[in-house]
Amino acid sequence: METLKDFLLNKGYSRVKLKLTKTNHFEIKASINGVKGRFILDTGASSSCVGFEAVERFNLKVKDSEIKAVGAGASNMTTKISNSNNLKIGHWKRKRVALILFNLSHVNNGLVSHNADPVDGIIGADVLKKSKAIIDYEKKYLYLKFTETRK
């Protein structure tokens, strides 16, 4: 019998290990514009985002945004947007990814208060949908479909 792993790898997916944090979130390592960071995988977040403090670290070109962010424990937060970023998660990569920037302190304060490490941002449903993501909760792996030419 073929395993889920074998089936998805044969269908052109990439496999990335997930880490379950003390707060019961999945954490994932990713690179933005060639710079590595730690992110929460959040299927309920409509957009992938990073904190304002990440602008220089990830070499982001930022524009003002009129969109107000709403998230767990916070609402009506000011945002900025950064378009045309390179995102790499494991072997999967995509160009021209838009990222929302907002104050992530409420997220990181919550993580730290539960003895978990702070994160650089959130990988949201926008990336998960584009990559046709499949989460194997039992084995703690994320599968992402290659859609651009692999190099």
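Our structure's up above, just so we're on the same page.
No experiment lies behind these values; they were computed from the predicted model shown.

1. Focus on the overall build of the chain
Scanning the chain from N- to C-terminus turns up three helices and eleven strands. Along the chain, from the amino end to the carboxyl end, the secondary structure elements read α-β-β-β-β-β-β-β-β-α-β-α-β-β. A globule of 151 residues ought to have a C-alpha radius of gyration of about 15 Å, and the chain, at 15 Å, matches this closely. Dimensions of the chain, computed from C-alpha atoms along their principal axes, come out at roughly 50 × 35 × 25 Å. Burial analysis of the chain (151 residues in total) assigns 41% to the buried set. Long-range contacts, defined here as pairs at least 24 residues apart, represent 58% of the contacts in the chain between residues at least 6 apart. For the chain, the separation between the mean place of its 27 positive charges and that of its 14 negative charges on side chains is 6 Å.

2. Here's the deal with the sheet that holds strand β10 (residues 134-136)
Ordered in space as β1-β11-β10, the three strands form an open sheet in which the pairing is antiparallel. Two strands close off the open sheet at either side, each with one partner strand: β1 (13-17) and β10. Strand after strand, the sheet turns through a mean of 25° between neighbouring axes, direction not considered. With three bridges connecting them, β10 and strand β11 (residues 141-145) associate as antiparallel partners. Residue I135 lies in a different strand from β11, and its bridge partner there is L142.

3. Let's talk about the nonpolar core
One broad trend across soluble globular proteins is that nonpolar side chains are buried collectively. I28, I32, F39, V50, L87, I89 and I123 are the most contacted members of the largest nonpolar core, which has 24 residues in total. Excluding its chain neighbours within four sequence positions, the residues that come into contact with L87 are A30, S31, I32, W92, K93, R94, V97, I123 and V127. C49, F102, A116 and I122 belong to the second-largest nonpolar core, a separate cluster that totals 13 residues.

4. Thoughts on the pattern of salt bridges
Here the structure, examined in full by the defined rule, presents four salt bridges. Between K80 and D64 there is a salt bridge, with its nearest N and O atoms 2.5 Å apart. Of this pair, K80 sits in strand β7 (residues 74-89) while D64 sits in strand β6 (residues 63-71); the two residues are 16 residues apart in sequence, bridging distant segments of the chain. Residue K80 is classed as partly exposed on the basis of its relative accessible area of 28%. One network of salt bridges, with partners in common, ties together E27, R38 and D117.

5. Quick look at the side chain of S48
Along the chain, S48 turns up in the loop between β4 (35-41) and β5 (49-51). The exposure class of S48 is buried, given its relative accessible area of 1%. From its side chain, S48 meets the backbone nitrogen of G124 in a polar contact 2.9 Å long. Ignoring anything within four residues of it in the chain, the contact list for S48 reads A98, L99, I100, I122, I123, G124, D126 and V127.

Calculation criteria
All residue numbers here refer to positions counted from 1 along the written sequence of the relevant chain. This being a predicted model, a pLDDT of at least 70 is required before a residue's local features are given, and a value of 80 or more before pairs of side-chain atoms are given or counted; all residues contribute to the totals for chains, interfaces and linings. With hydrogens and water excluded, all non-hydrogen atoms of the structure serve as input to the side-chain values. For helices the rule is a DSSP run of H or I covering at least 4 residues; for strands it is a run of E covering at least 2, with both sets numbered from the N terminus onward. Each radius of gyration reported is based on C-alpha atoms, and the globular scaling rule is 2.2 Å times the count of residues to the power 0.38. The buried label applies to any residue whose accessible area, calculated with a 1.4 Å probe on protein chains only, is under 20% of its type's maximum; exposed applies above 50%, and partly exposed to all values in between. Any two residues having at least one pair of non-hydrogen atoms within 4.5 Å are treated as being in contact. Charged-residue counts in this description rest on Lys and Arg as positive and Asp and Glu as negative, His and the chain ends being excluded. By convention, charge coordinates are those of NZ in Lys, CZ in Arg, CG in Asp, or CD in Glu. A pair of strands is labelled paired if DSSP reports no fewer than 2 bridges between them. Working convention: axes come from line fits to C-alpha atoms, limited for helices to the stretch in contact. Angles between N-to-C directions cover 0 to 180 degrees. Residues belong to a common nonpolar core when they are buried Ala, Val, Leu, Ile, Met, Phe, Trp, Tyr or Cys residues joined through side-chain atoms within 4.5 Å. Criterion for a salt bridge: a side-chain nitrogen of Lys or Arg within 4 Å of a carboxyl oxygen of Asp or Glu. Here a polar contact means two N or O atoms within 3.5 Å. Within protein one must be a hydrogen donor candidate and the other an acceptor candidate, and residues neighboring in sequence count only if both atoms are side-chain atoms.

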